[in-house]
Amino acid sequence: MDLSNIILAPWINGVLVAAIRLNVFTILNDRELTLGEIASECRAVPERLKPLLDACVRLGLLEIMDRTYKNAHFGEVYFVEGNPFYIGDFLKLLNDESI
């Protein structure tokens, strides 16, 4: 087991749950949007949302090209509401949130 995975697990979980709560992956379902467009749809301040989106890129959950974000395959499969393998509600429950 890699020690960095243990140390970073709470941070990774926090990034993931925040993105799920803001519906980032569902908003980006089959679309490529700019920071401003995503912020508008999830009612977030763009300057505050950018670090979260960039963390999702770093984790391989989102991709960015020419200032537009889109879901990476993993994010599309597991974190888009309505998809058969969606686990967002389970992650919310693990973090003591109602669904």
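Described in the following lines is the structure provided in the data block.

Cut-off values and rules
- Residues numbered from 1 in each chain as written.
- Predicted model: local features only at pLDDT ≥ 70, side-chain atom pairs only at ≥ 80, totals over all residues.
- Heavy atoms only, no water.
- Pairing = 2+ DSSP bridges.
- Helix = DSSP H or I, 4+ residues; strand = E, 2+ residues; numbered from the N terminus.
- Phe/Tyr/Trp six-rings, centres within 6.5 Å; stacked < 30°, edge-to-face > 60°.
- Buried < 20%, exposed > 50% of the residue type's maximum accessible area, 1.4 Å probe, protein only.

With that settled, consider the sheet that holds strand S2 (residues 62–65). The strand order S1-S3-S2 describes an open sheet built from 3 strands, whose pairing is antiparallel. Unpaired on one side and paired on the other, strand S1 (33–34) and S2 mark the two borders of the sheet. Where S2 and strand S3 (residues 68–71) come together, 4 bridges link them in antiparallel fashion. Paired with Met65 across the strands is Thr68, a residue of S3.

On to the packing of aromatic side chains. Scanning the model with the defined rule gives 4 aromatic pairs in all. Considering the side-chain rings of Phe25 and Phe79, the 5.2 Å spacing of their centres and the 40 degrees angle between planes classify their relative orientation as tilted. With Phe25 in helix H2 (residues 24–27) and Phe79 in helix H5 (residues 73–79), this pair connects stretches of sequence that are 54 residues apart. Just as Phe25 is buried, Phe79 falls in that class too.

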